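Read off the chains here:
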Amino acid sequence: MGAQLRQLRRQIRSVKSTAKITRAQEMIATSRIVKAQQAVEASKPYADQITRALTALVSHHVGIDHPLLKEQPEDRRSAVLVITSDRGFCGAYNANVIREAEALMALLREQGREPVPYVIGNKGITWYKFRNRELAAEWQGLSDRPDFASAERVGRRLTEDFIKTDAEGGVGEIHVVYTEFVSMLTQQVQVRRLLPLEIEEATSDVVLPAYEFEPSAQAALDLLLPNYVESRIFHMLLQSAASFHASVRRAMKSATDNANELIGVYSRMANQARQAEITQEISEIVGGADALAESSAGSE
Amino acid sequence: MATLRVGLVSPEREIWSGEATMVVAQTIDGQLGILPGHAPVLGVLLDGSVVKVHPADGSPEIVAMVGSGFFSVASDEVSVLAEQAELGGEVDVEAAQQALQQALAGDGGDEQPSVAERRARARLRAAGLEA
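Since this is a predicted model, take the numbers as computed values, not measurements.

Each value, and the rule that gives it
Residues numbered from 1 in each chain as written. Chains lettered and ligands numbered in written order. Predicted model: local features only at pLDDT ≥ 70, side-chain atom pairs only at ≥ 80, totals over all residues. Heavy atoms only, no water. Core = buried A, V, L, I, M, F, W, Y, C linked by side-chain atoms within 4.5 Å. Buried < 20%, exposed > 50% of the residue type's maximum accessible area, 1.4 Å probe, protein only. Helix = DSSP H or I, 4+ residues; strand = E, 2+ residues; numbered from the N terminus. Pairing = 2+ DSSP bridges. Expected span 1.5 Å × (residues − 1). Contact = heavy atoms within 4.5 Å. UniProt positions renumbered as here; feature names shortened; annotations may be inferred. Polar contact = N/O pair within 3.5 Å; in protein donor to acceptor, adjacent residues only side chain to side chain. Domains from an automatic or database assignment. Buried area = accessible area lost by both parts, 1.4 Å probe.

Colleague: How do you make sense of the nonpolar core when you look at a structure like this?
Modeller: Among soluble globular proteins, nonpolar side chains are generally buried collectively. Core analysis: the largest hydrophobic core is formed by 50 residues, its most contacted members being A:Leu81, A:Tyr118 and A:Leu194. Ranked by residues supplied to this core, first place goes to helix α6 (residues 217-299) of chain A with 12 residues. Counting residues in hydrophobic clusters, the runner-up holds 24 residues, among them B:Val6, B:Leu32, B:Val41 and B:Phe71.

Here is the structure:
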C-alpha cells in the first residue's frame, strides 16, 4: 500500500474518533441545558416572592435606611464579579465574558475608580492569574450546577466587602458580568450593578397589601435585603450555567460537523489515491508484459 | 369555607404548594397561627424552626423544617420562603441526629443554642421525633 494512502486512512480514523467524542459531548451538553433550564424555572417562585415582599416593604416605608441601599461616593473601589466557567470546550463563552469585564473595568478606570476583580470559574481565574492581576476573591466548582449554598457564600462575601470602607479593603459598588440565557441559540453577556440597590419609582395599578411586620420592619429589611442579593446572584449563576451548557453544545456541534466534513474530504482523497495506485499497477503490468513480448519477439 | 393558598419555597425549588386551612409558623417573637382572613403580615422566621400546614383536603398535617427566611400573608395567600427547607418526610433522621450531636459537642456551654443545633432539632421535630 502506498504511503500516501496509509497516511490518509490514519487521518480518517483519528478524525472519526474525535467526532465520536465531540458528538458525545454535544449530547451531554444538550441534556444538561434542559436540567439547567429546569433549575432556572424551579428558582422562579422564590425570586418572585422575595421581589414582591421587598417591593411591598419598600413602598410602605418611604424613609427606609439600610447600608445596602446607600450610595458610597467616598469609596473609590468597585468590585467586578466575573462569572466564567470551570471547563473549556465552550467556544467563545469565556472570552466574551472576559472582554465585557475588561471593557467595564476600563470604563471604571476612566471614571477614576479602581476596579477590583472577583472571579467565579477556573477559566477566568487562570486568565487573570496569567496576567498577574490580583483577585479579591475566587470561587471554583459552581459553574456547572450551582446550588444556593454557593450563591450564599458569594453573596455574603460581597455584601461584607460592600459594607466595609475603602481603607478596610471594602468596595463602594458591585458590578456583575454574567451571561444571560435568552434561548438555545442566543446567549448575551450582561453587565449589571448589583449593589447599592436602586429603588425605582414605579406606578402600577396593583395596590400592595399594607403589611404588618413581625417583629419589626427593620428586622424584616435586615433579613430580606441580603437574601434578595443572594437570590439575584443565584439567578445569575443559573443563567450563566445554562448559557455555558448551550455554548458547549454549539461548540461541540460545529466540531462534529467539521469533523464529518473532514472525513468526507479525506475519504475522497483516499479513494483517489487508491485508484491512482491501481492505475499505476495496471500500467506497470501492461508495460512489463509489453516489454516482455517485445524482447521475446526480438530474439526470434 | 375559605382556605389559604400556601406555597413553601426554597431558592432551589418549590417544596410544597396547595390549599390549607391553617398555617403555624414560628417567628423570632413566638409562634403565629394563620387562619383564612388574616391581616397582611410579613414575618421573619426563627432560623431552625418548624412550619406546620393543615391541608384543606383533610390529609395529614405537613411539617417542614425551615432555616433562615420569612413568610408573607396577603389576601389568603401564604408564602413561606426559606433558604433551607425540608419536608418532614424527606429528613434523613440519622444525618440529622449526627448533626445534632456535632452541634452539641461543638457548643461551648453557651446559654443560647447555636443555629446548627436549632436546625438539627428542627429537622428531627419535622420528622416527628422528640428533640
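Now that the structure has been shown, we can carry on.
Colleague: Sorry if this is basic, but what is going on with the pairing of strand β5 (residues 49-55) of chain B here?
Modeller: Note on strand geometry: in a regular strand, side chains alternate between the two faces of the sheet. Residue and element names in this part refer to chain B. Summarising burial for β5: five of the seven residues are buried, a large majority. Direction of pairing for strand β2 (residues 14-26) relative to β5: antiparallel, over a ladder of four bridges. Within β5, the position partnered with Val-24 by the bridge is Lys-52.

Colleague: When you look at helix α2 (residues 115-126) of chain B in this model, what are you seeing that I'm missing?
Modeller: Along an α-helix, residues three or four apart share an orientation, since each turn contains 3.6 residues. All names here are of chain B. The terminal C-alpha atoms of α2, which comprises 12 residues, lie 16 Å apart, in line with the 16 Å expected from a rise of 1.5 Å per residue. Looking at α2, one finds that the buried residues are Glu-117, Ala-120, Ala-122, Arg-123, Leu-124 and Ala-126. On its buried face, α2 is in contact with β5, β6 (62-66), β9 (85-87) and α1 (93-106). Downstream of α2 by one or two residues, Gly-128 has phi in the positive range, about 90°.

Colleague: Just to check I follow, could you spell out the UniProt feature "domain: ATP synthase F1 complex delta/epsilon subunit N-terminal" (unreviewed entry) in chain B for this structure?
Modeller: Taken from the UniProt record, the annotation "domain: ATP synthase F1 complex delta/epsilon subunit N-terminal" (unreviewed entry) applies to residues 4-85 of chain B. As annotated, residues 4-85 of chain B comprises 0% helix and 63% strand, and the C-alpha atoms at either end are separated by 20 Å.

Colleague: Is there a simple way to explain the environment of A:Gln218 in this structure?
Modeller: Residues and elements named next belong to chain A. Considering the arrangement of structural elements, one finds Gln-218 in helix α6. We classify Gln-218 as partly exposed; its relative accessible area is 40%. For the pair Gln-218 and Glu-114, spaced 104 residues apart in the sequence, the C-alpha separation amounts to 33 Å.

Colleague: Mind showing me how you'd approach the side chain of A:Asn94 here?
Modeller: Residue and element names in this part refer to chain A. Mapped onto the elements of the fold, Asn-94 is located in helix α3 (residues 93-110). In this structure Asn-94 comes out as buried when scored by relative accessible area, which is 9%. Side-chain polar atoms of Asn-94 contact the side chain of Ser-85, separated by 3.0 Å. Sequence-distant contacts of Asn-94, that is, excluding residues within four places in its chain, are made with Thr-84, Ser-85, Arg-87 and Lys-123.

Colleague: Any chance you could explain the side chain of A:Thr256 here in plain terms?
Modeller: With respect to the element layout, A:Thr256 can be found in helix α6. A polar atom in the side chain of A:Thr256 sits 3.1 Å from the side chain of A:Thr22.

Colleague: In this structure, what is going on with the domain arrangement of chain B? I would like to understand it.
Modeller: Interface size is commonly expressed as the accessible area that is lost once the parts come together. Residue and element names in this part refer to chain B. Domain boundaries in chain B define domain 1 (4-87) and domain 2 (91-126). Taking only C-alpha atoms, the centre of domain 1 and the centre of domain 2 are 22 Å apart. Each partner contributes to the interface: domain 1 provides 14 residues, whereas domain 2 provides nine residues. For the pair domain 1 and domain 2, the summed buried surface comes to about 870 Å²; carbon and sulfur atoms form 53% of the total. In terms of surface lost to domain 2, no three residues of domain 1 exceed Asp-47, Met-65 and Glu-86, which account for 46% of the buried area on that side. Linking domain 1 with domain 2 are three residue pairs in polar contact (both at pLDDT 80 or more), by the criterion used here.

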